[in-house]
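Structural characterization, general
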Amino acid sequence: MRLLSTLLPATCALALVVDPTAGHSIGSVAHSSFRRPSFFSRVSSVSWLRKQSPILISLPDAAQDADFASWLALQAARSVEGILANIGPDGANVAGQNVNPGVVVASPSRDHPNYFYHWVRDGAITMRALVDEYEKSGNASVKAIIDAYVDNVRSTQWTSNPSGQFGRGGLGEPKFEVDGRPFVGTWGRPQRDGPALRAITLISYARTLQRRGASIDSLRYLYDLIKPDLEYASKFWASPGFDLWEEQQGLHFFTAMVQYKALLLGQEMASDFSDEGAARWYHIQANGLKQFLLSFWDEERGYLIETLASPRSGLDAALLLGAIHGGSDAVFPIHSDMIITTLQALVADMRARYPINEQDSYDSSSFPTAVGIGRYPEDVYSGGDLENSELGNPWFLCTATVAHTLYGLVEHLALSNSGLIISNLTADFYLPFISPTPVMEPHYCDFSATGIWSRSAAILGFMPGSRETEQVISNIFHYADGFLKIVKKHADAEGNMSEQFDRQTGFMRGARQLTWSFESVLGATKMRERAVEAIEKRRAYFERF
Ligand code: NOJ
Ligand code: NOJ
């Protein structure tokens, strides 16, 4: 953060220039002309940091929320169970059905829709969650499952399939039969996120094993599996493929974000194995991706778009999934302004899109409320059911993903000592969480003469401990809880979740016991724990004064 006060007219005491891709102040005007037709184009004022007496932020009242708190704890355990039940060969839902060891079945559903397959994406994302479980618990049976997955990666990589052979495009194949044979039907292929997600999972497993005492040399067998996936990501990131929803051919934000993260982590891995040439190559390609990722910002629309040159609106839960599973601290972390303004636009669309959301759009408080979230506005995939099969619905995993992103933002804000910085991009998101809404200074500070005007400049800043900052942290936390409460409302009494819930009735639809639904709720719950810890740290800090 750079103080520009010497350059500014007297009324504009302080301006911060923020990098909206990174979500923190950078003191440069490199990203100048971000435009967002919003409330603030009327009052593009710059206010200065306002110091107020510190107030303590409150976590939700435990008594009032006891029901939710116990559900959360229970649902985390059920989600792990739900995941394990879908993994071969012995998972409760798949045992005796020819599922290879370590294969993650997307759902036990065999018709309307048939999800009884091994998707590379679903498998990698789920195993990443199990690696976290193992890191935490050291549980040997979880380790055995991850090891079986690792063995399965080797055979999957070498299985020739309709996308190609090993070393010739075959790694882009999105799904396989559960017994290891290639899936030969027509499909949206290749999908280029799979190898990157798998590399991220295997690298995180290698790091976990290292932290538990394994020598780097003993992990070469993992690097041998990771490297082909890194090679694939590094060579094909600029080539079009199908998106994670398996529908659109093109270049996608989610895919690029996970490729970027894989190469960033891969570069370090390669160095650790003294594979210097590879490390340099991954470094160069990661830099290329970093630049490329900026092209997903749509200045006219004022949010990120999922697929370049697509006729769709571009809004998509995949953008948030990209920030959760990909990116880096500097490239679209989940708290960055561009991700947050995109979340805001997505939620606004979904609020009005599904009739079921009407009942959730109002509550006694005047703060924004959570609603059910679908994949993207134009979605017409109803989950494979024969009834009402023309319209899309909210998804468990998309709703949990919004909660996850918001908890990540809360953690970031709670750990930050720079207060709350509201930029032109995020004003529409943050201001409704402040009550009474701050009055905008009616004057307009034109910096064009000094050459430092930026539309992404911060327009309002509040000190740590100010009523506004602390209110925002605690209100966003409650807002995030709201999305998990929607999940709770539509899951069944045993904690099962299908893929979707009906846009009219809220009843579950689509593939039952979807592995990815469990993973996403588990992920959101973990991020919630981190947010709570961060809030408690902050409170302890303030209590010292
Ligand atoms: C199944 C795919 O997995 C899903 O993402 C897609 O929307 C439907 N087929 C319809 O194409
Ligand atoms: C359809 C989803 O669109 C896709 O992302 C997923 O991989 C498959 N279902 C399997 O869950």
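Residues numbered from 1 in each chain as written. Chains lettered and ligands numbered in written order. Predicted model: local features only at pLDDT ≥ 70, side-chain atom pairs only at ≥ 80, totals over all residues. Heavy atoms only, no water.

According to the stated counting rule, one finds 28 salt bridges in the structure shown. R301 is the partner of D298 in a salt bridge, and the nearest nitrogen-oxygen pair spans 3.0 Å. Within the structure, one salt-bridge network assembled from shared partners comprises R121, D122, D193 and E246. (Salt bridge = Lys/Arg side-chain N within 4 Å of Asp/Glu carboxyl O.)

Next up on the list: the site of ligand 2. Around ligand 2, the structure places 13 residues, and the nearest of them are Y115, R121, D122, L244 and R375. Contact between ligand 2 and L244: an oxygen atom at 2.7 Å from a main-chain N or O atom of the residue. Contact distances for ligand 2 include 2.9 Å between an oxygen atom and a side-chain N or O atom of R375. In the complex, 98% of the free accessible area of ligand 2, which totals 300 Å², lies under the protein chains. (Near = heavy atom within 4 Å. Polar contact = N/O pair within 3.5 Å; in protein donor to acceptor, adjacent residues only side chain to side chain. Areas by Shrake-Rupley, 256 points an atom, 1.4 Å probe, with all protein chains shown as cover.)

This prediction gives the protein a mean pLDDT of 88; 84% of its residues lie at or above 70. By mean pLDDT, helix 1 (residues 39-42) is the weakest element of the protein at 32, and helix 9 (residues 317-325) is the strongest at 99. pLDDT under 50 marks residues 1-18. Its contacts with residues more than four places away, or in other chains, come to 45 contacts. (pLDDT = per-residue confidence, 0-100. Helix = DSSP H or I, 4+ residues; strand = E, 2+ residues; numbered from the N terminus. Contact = heavy atoms within 4.5 Å.)

Turning next to the site of ligand 1. Lining the immediate environment of ligand 1, one finds W245, E246, E247, R375 and Y381. At 2.4 Å from an oxygen atom of ligand 1 is found a side-chain nitrogen or oxygen belonging to E247. Note that an oxygen atom of ligand 1 is positioned 2.8 Å from one of the side-chain N or O atoms of R375. Protein contact buries 71% of the 290 Å² of open area that ligand 1 shows by itself. Across the shell around ligand 1, the residue classes tally to 2 nonpolar, no polar and 3 charged. (Nonpolar A, V, L, I, M, F, W, Y, C, P; charged D, E, K, R; others polar.)

At a minimum axis distance of 8 Å, the contact between helix 7 (residues 253-272) and helix 9 shows a crossing angle of 5°. Regarding the angle of helix 7 to helix 9, the classification is roughly parallel. Contact with helix 7, carried on its side by F253, F254, M257, V258 and K261, involves A318, L319, L321, G322, A323 and H325 of helix 9 and no other residues of that element. (Axes fitted to C-alpha atoms, helices over the stretch in contact; angles between N-to-C directions. Parallel < 35°, antiparallel > 145°, perpendicular 65-115°, else oblique.)

Residues G88 and P89 are joined by a peptide bond in cis, for which omega reads 5°. Among the structural elements, P89 can be located in the loop between helix 2 (66-85) and strand 3 (118-119). Note the cis peptide between S435 and P436, where omega equals -5°. Take P436: it is sitting in the loop between helix 12 (427-430) and strand 10 (458-462).

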